[in-house]
Amino acid sequence: MLSRLQAISVKVTDPFVSLSLVQASRSLQTSSQRLAPVPPLPDHGGKVRHGLIPEELFEFLYPKTGVTGPYMLGTGLIVYLLSKELYVINHETIYAICIGTIIVYGVKKYGATVAAFIDSINEEKVAKAQAAKDSHISFLTEAIENEKKEQWRVEGRGMLFDAKRNNVAMLLETNYRERQHMVTNEVKRRLDYQIALQHLNRRLQQEHMINWVEKNVISSITPQQEKESIAKCIADLKVLAKTTQAKAAA
Amino acid sequence: MTLSLFDQFLSPVVCWIPLVAIAITLPWILFPSPTTRWLNNRSLTSQNWFLSQATSQIFSPINPPGHKWALLLSSLLIFLATMNTAGLLPYTFTPTSQLSINMGLAGALWMGVVILGMRTQPTHSLGHLLPEGAPALLTPILVIIETISLFIRPIALGVRLTANLTAGHLLIQLTSTATLAMLTIMPVAAIFTGILLFLLALLEAAVALIQAYVFVLLLSLYLQENV
């Protein structure tokens, strides 16, 4: 507001006056000239004694008048006002005593409770924000843990692949051996078949030969030869019978 | 006593400079305006909490179109409560003990509410002139009575507040004058009167807050009817 005043005055008056106006008003500007960052609010208000009088008065008077200085000043002032009748005791004084008692009693009794309640409203707000922040941090920490676990799992993947590879190799090996076995068996069967065939051939040849020989022999036996052989057999049998009888009789 | 009992209700003037404007703007100066900070100090937090509680309390039964009146009625509540309680301090002038201020507030706000109702939903507003469940024979008389009660409302609102505060202040003045007068002659009677004064002061503190709340509550009821 004062800067606007200064801007207006620059147009109207001479430079000296406007400049001195700015310089003069600068000492009155006590707040910081920046808007951001907003300076933090003090946590507690200025200290007061007896709820009304700032502590600075007591500190100001302490070097010269000690501890009782401000009280003497207060008492003296009140006595002066009363004695000179600058303050007249009238009905309002009685009423002031009453309402003053009520106010002081109310503040003393309920002041702390109300302050605690208001502080709890602010603390709830802070707690909510803190809880949100904490939950987000815990969520992120959990995510980090999960990620690390996944990385550890990935390391084990190599072992899994080795095992699977071994498994597959074993399967292949088994399959190969089985097929080899089968091949061997099939070859043996073929060879056995050939052997059996050869045996069969030989046997057939032998039988055929035997049959041919027998047939030829039988066909070569003439009836004359047959009669002679039979007569010889009978003669041999008779001789044998006689010898047996002789052995038996002996 | 050179002062009469009613001198406390005179508009305050110091060397012919009227101070009534300062007295009326007192509530505006006393309460800090909300900041852009996230966490505030105790006074601003308590003010915000109280205002949000009061507004939600008063406006919960009102339909959404009536919520436009929230700012007006909540600031009116703070205005009246501050003025009433500030008037409890000794040697102060209470603007709300003047009929002019109270009638100005009551008349203007009541008329605003009625005109709003008549313009947006005239049938519904006029329907309030005949309460539900009334026997058909009594209709003409009831309508007249309800119309009279409708027009009495602003007067009632204004005079209620004025009368309560004026009566309270007068009683306090009388009792304290009696206490002071008897203090030297009959101290025991003065002590009893003093106790009476103490209780009166307590009552006045309650009345100050209650009357402000009643004023705003009644206006919100009239708004509820008409919106």
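So, how was this worked out
Residues numbered from 1 in each chain as written. Chains lettered and ligands numbered in written order. Predicted model: local features only at pLDDT ≥ 70, side-chain atom pairs only at ≥ 80, totals over all residues. Heavy atoms only, no water. Helix = DSSP H or I, 4+ residues; strand = E, 2+ residues; numbered from the N terminus. Contact = heavy atoms within 4.5 Å. Areas by Shrake-Rupley, 256 points an atom, 1.4 Å probe, with all protein chains shown as cover. Lys, Arg positive; Asp, Glu negative; His and termini not counted. Charge placed at Lys NZ, Arg CZ, Asp CG, Glu CD. Phe/Tyr/Trp six-rings, centres within 6.5 Å; stacked < 30°, edge-to-face > 60°. Buried < 20%, exposed > 50% of the residue type's maximum accessible area, 1.4 Å probe, protein only. Lys NZ or Arg CZ within 6 Å of the ring centre and 35° of its normal. Buried area = accessible area lost by both parts, 1.4 Å probe. Salt bridge = Lys/Arg side-chain N within 4 Å of Asp/Glu carboxyl O. Polar contact = N/O pair within 3.5 Å; in protein donor to acceptor, adjacent residues only side chain to side chain. Nonpolar A, V, L, I, M, F, W, Y, C, P; charged D, E, K, R; others polar. 1 Å grid on protein atoms, 1.4 Å probe; cavity = no way out; pocket = protein on both sides within 12 Å on 5 of 7 lines; lining within 4 Å. Points joined across faces, edges and corners; volume = space filled by probe spheres on them. UniProt positions renumbered as here; feature names shortened; annotations may be inferred. Domains from an automatic or database assignment. Core = buried A, V, L, I, M, F, W, Y, C linked by side-chain atoms within 4.5 Å.

So, about the overall build of chain B. The helix and strand tally for chain B stands at seven helices and two strands. Pairs at least 24 residues apart make up 72% of the contacts formed inside chain B by residues separated by at least 6 positions. For chain B, the accessible area works out to roughly 12900 Å², and carbon and sulfur atoms hold 76% of it. Distance between charge centroids for chain B: 18 Å, based on 6 positive and 5 negative side chains.

Right, let's talk about the packing of aromatic side chains for a bit. Enumeration according to the criterion identifies five aromatic pairs over all chains in this entry. A ring pair is formed by B:Trp110 and B:Phe151, whose centres lie 5.8 Å apart and whose planes are at 65°; its orientation type is edge-to-face. One end of the pair, B:Trp110, is in helix H4 (residues 99-120); the other, B:Phe151, is in helix H6 (residues 139-185), with 41 residues separating them in the sequence. On the basis of relative accessibility, which here comes to 8%, the residue B:Trp110 falls in the buried class. Between A:Arg49 and the ring centre of A:Phe58, over which it is positioned, the NZ or CZ distance is 4.0 Å.

Residue-level contacts link 28 residues of chain A with 26 residues of chain B. Interface area, chain A with chain B, both sides summed: about 2600 Å², of which 72% is carbon and sulfur. Run the count over chain A and chain B and you get one salt bridge. The partner of A:Asp119 in a salt bridge is B:Arg42, with the nearest N and O atoms 2.8 Å apart. At the boundary of chain A with chain B, the tally comes to eight residue pairs in polar contact (both at pLDDT 80 or more). Here the side of chain A that touches chain B is built from residues that sort into 20 nonpolar, five polar and three charged.

A few words on the layout of surface pockets. Roughly 1800 Å³ of internal volume is contained in the largest pocket. Lining of the largest pocket is provided by 43 residues; of these, B:Phe31, B:Ser46, B:Phe50, B:Thr82 and B:Thr85 occupy positions nearest its centre. Ranked by residue count, the leading element in the lining of the largest pocket is helix H5 (residues 91-220) of chain A, at eleven residues. Its residues placed into classes, the lining of the largest pocket shows 30 nonpolar, twelve polar and one charged.

Residues and elements named next belong to chain B. In this structure's numbering, the residues bearing the UniProt feature "transmembrane region" (unreviewed entry) are residues 9-31, 69-89, 101-118, 138-159, 180-199 and 205-223. For the annotated span residues 69-89, helix accounts for 81% and strand for 0% of the residues, and the straight-line distance between the end C-alpha atoms is 31 Å. Note that residues 180-199 is 95% helix and 0% strand, and that its end C-alpha atoms are spaced 16 Å apart.

Turning to the domain arrangement of chain A, a few remarks are in order. One can read the domain layout of chain A as domain 1 (47-88) and domain 2 (93-219). For domain 1 of chain A versus domain 2 of chain A, the distance between C-alpha centres works out to 84 Å.

On to the nonpolar core, then. Residues and elements named next belong to chain B. Of all hydrophobic cores here, the largest spans 29 residues; its most connected members are Phe59, Leu73, Leu76, Phe215, Leu219 and Leu223. Elements that contribute at least two residues to this core include exactly helix H2 (42-59), helix H3 (70-86), H4, H6 and helix H7 (187-226). The contacts of Leu76, once residues within four sequence positions are left out, are Leu105, Leu109, Phe215, Val216 and Leu219.

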